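# Summary of the model geometry
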Amino acid sequence: MKLVKLIANLGYGSRKEVTALFREGRITDADGEVLYADDKVEHARIRLDGEPLDPPPGLVLMMHKPLGYTCSTKDAGRIVYDLLPPRWRARSPALSTIGRLDRDTSGLLLFTDDGALLHRVISPRSNVVKVYEATLAHDLRGDEGAIFASGTLMLESETTPLAPAHLDVLGPRHARLSIGEGRYHQVRRMFAAVGNHVDALHRSAIGGLELGDLPVGQWRALAAHEVAAIFGGG
Ligand code: URA
């Protein structure tokens with residue numbers, strides 16, 4: 001791919017704006033040699049104002065999503081893309097969230113520009129387990145674990161029962177729920193179906209990938225072994 005296209009696709013500007021960067025001599029190789037728009041050079045050797053470029057397509061990011069941010073590219077309020085460098089919203093292929101978290105849910109959120117990977121993570125067939133920690137408004141009754149594990153729980157206005165899910169009770173009003181599906185507001189609706197209410201919700205893991213100690217609002221690119229961990233490898 002010609003350099004002008006490669007750099008425009010990373011969101012650094014329109015083709016016209018990137019052409020201007022070339023004209024100004026701001027794009028060089030790793031040795032400081034000025035590059036031209038039609039050159040073909042390996043991504044890793046390109047510098048803009050002496051700095052390496054953003055990662056090439058095939059990117060997977062993890063973010064510690066804060067409360068109060070929406071997983072959307074357009075919303076009147078704060079959106080998760082506000083937490084990334086602005087030019088990352090202009091990348092092609094586009095960077096999308098892998099599934100969503102509600103505005104009022106915090107925790108592990110993934111982004112990628114790899115459509116095949118995105119579908120593999122969210123497909124029910126992959127059975128990638130998402131792990132949530134819920135703080136509840138009422139004490140657990142004791143039968144919730146069996147109901148969630150039964151594979152027969154039907155949520156309101158749905159036509160197929162939920163697949164079995166696993167509940168770990170962490171305290172009277174605190175539980176960890178592991179689900180393989182990703183239906184709309186699933187965790188909140190599951191607790192509502194057993195007469196409870198979720199006061200706070202946090203996702204701590206997707207498959208074998210844990211959020212760990214990534215601070216709230218921060219993000220980082222994943223290494224290949226971390227992407228493999230989503231599917232149980234790594
Ligand atoms: N279930 C919910 O209810 N909300 C989320 O954000 C994720 C799962």
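Residues numbered from 1 in each chain as written. Predicted model: local features only at pLDDT ≥ 70, side-chain atom pairs only at ≥ 80, totals over all residues. Heavy atoms only, no water.

With that settled, the discussion passes to the environment of Val-131. Take Val-131: it is sitting in strand β7 (residues 130-136). Counting along the chain gives 74 residues from Val-131 to Ala-205, while the straight-line C-alpha distance between them is 5.1 Å. If we ignore the near neighbours within four places in the chain, the residues touching Val-131 are Arg-176, Leu-177, Ser-178, His-202, Arg-203, Ser-204 and Ala-205. (Helix = DSSP H or I, 4+ residues; strand = E, 2+ residues; numbered from the N terminus. Contact = heavy atoms within 4.5 Å.)

Turning our eyes to something else, we now look at the site of the ligand. Leu-101, Asp-102, Thr-105, Tyr-132, His-185, Gln-186, Val-187, Arg-188 and Leu-201 make up every residue found near the ligand. Separating an oxygen atom of the ligand from a side-chain N or O atom of Thr-105 is a distance of 3.1 Å. Arg-188 is positioned such that a nitrogen or oxygen atom in its backbone is 3.1 Å from an oxygen atom of the ligand. More than half of the atoms of the ligand fall within 2 Å of the grid points belonging to the largest pocket. Residue contributions to the shell around the ligand peak at 3 residues, all from helix α5 (residues 186-193). When grouped by side-chain class, the residues that make up the shell around the ligand number 4 nonpolar, 3 polar and 2 charged. Both domain 2 (60-124 + 209-230) and domain 3 (129-206) contribute no fewer than three residues apiece to the shell around the ligand. (Near = heavy atom within 4 Å. Polar contact = N/O pair within 3.5 Å; in protein donor to acceptor, adjacent residues only side chain to side chain. 1 Å grid on protein atoms, 1.4 Å probe; cavity = no way out; pocket = protein on both sides within 12 Å on 5 of 7 lines; lining within 4 Å. Sits in = over half its atoms within 2 Å of the grid points. Nonpolar A, V, L, I, M, F, W, Y, C, P; charged D, E, K, R; others polar. Domains from an automatic or database assignment.)

According to the domain assignment, the chain consists of domain 1 (3-52), domain 2 (60-124 + 209-230) and domain 3 (129-206). A straight line from the C-alpha centre of domain 2 to that of domain 3 covers 23 Å. Contact residues are listed per partner, giving 17 residues for domain 2 and 9 residues for domain 3. Between domain 2 and domain 3, the buried area comes to about 1100 Å², and carbon and sulfur atoms account for 44% of it. Taken together, the connections running from domain 2 to domain 3 amount to 1 salt bridge. Asp-102 is paired through a salt bridge with Arg-188; the nearest N and O atoms lie 2.8 Å apart. Counting across the interface, domain 2 meets domain 3 through 10 residue pairs in polar contact (both at pLDDT 80 or more). Of all the secondary structure elements, the ones that give two or more residues to the side of domain 2 that touches domain 3 are β6 (105-112) and β11 (209-210). (Buried area = accessible area lost by both parts, 1.4 Å probe. Salt bridge = Lys/Arg side-chain N within 4 Å of Asp/Glu carboxyl O.)

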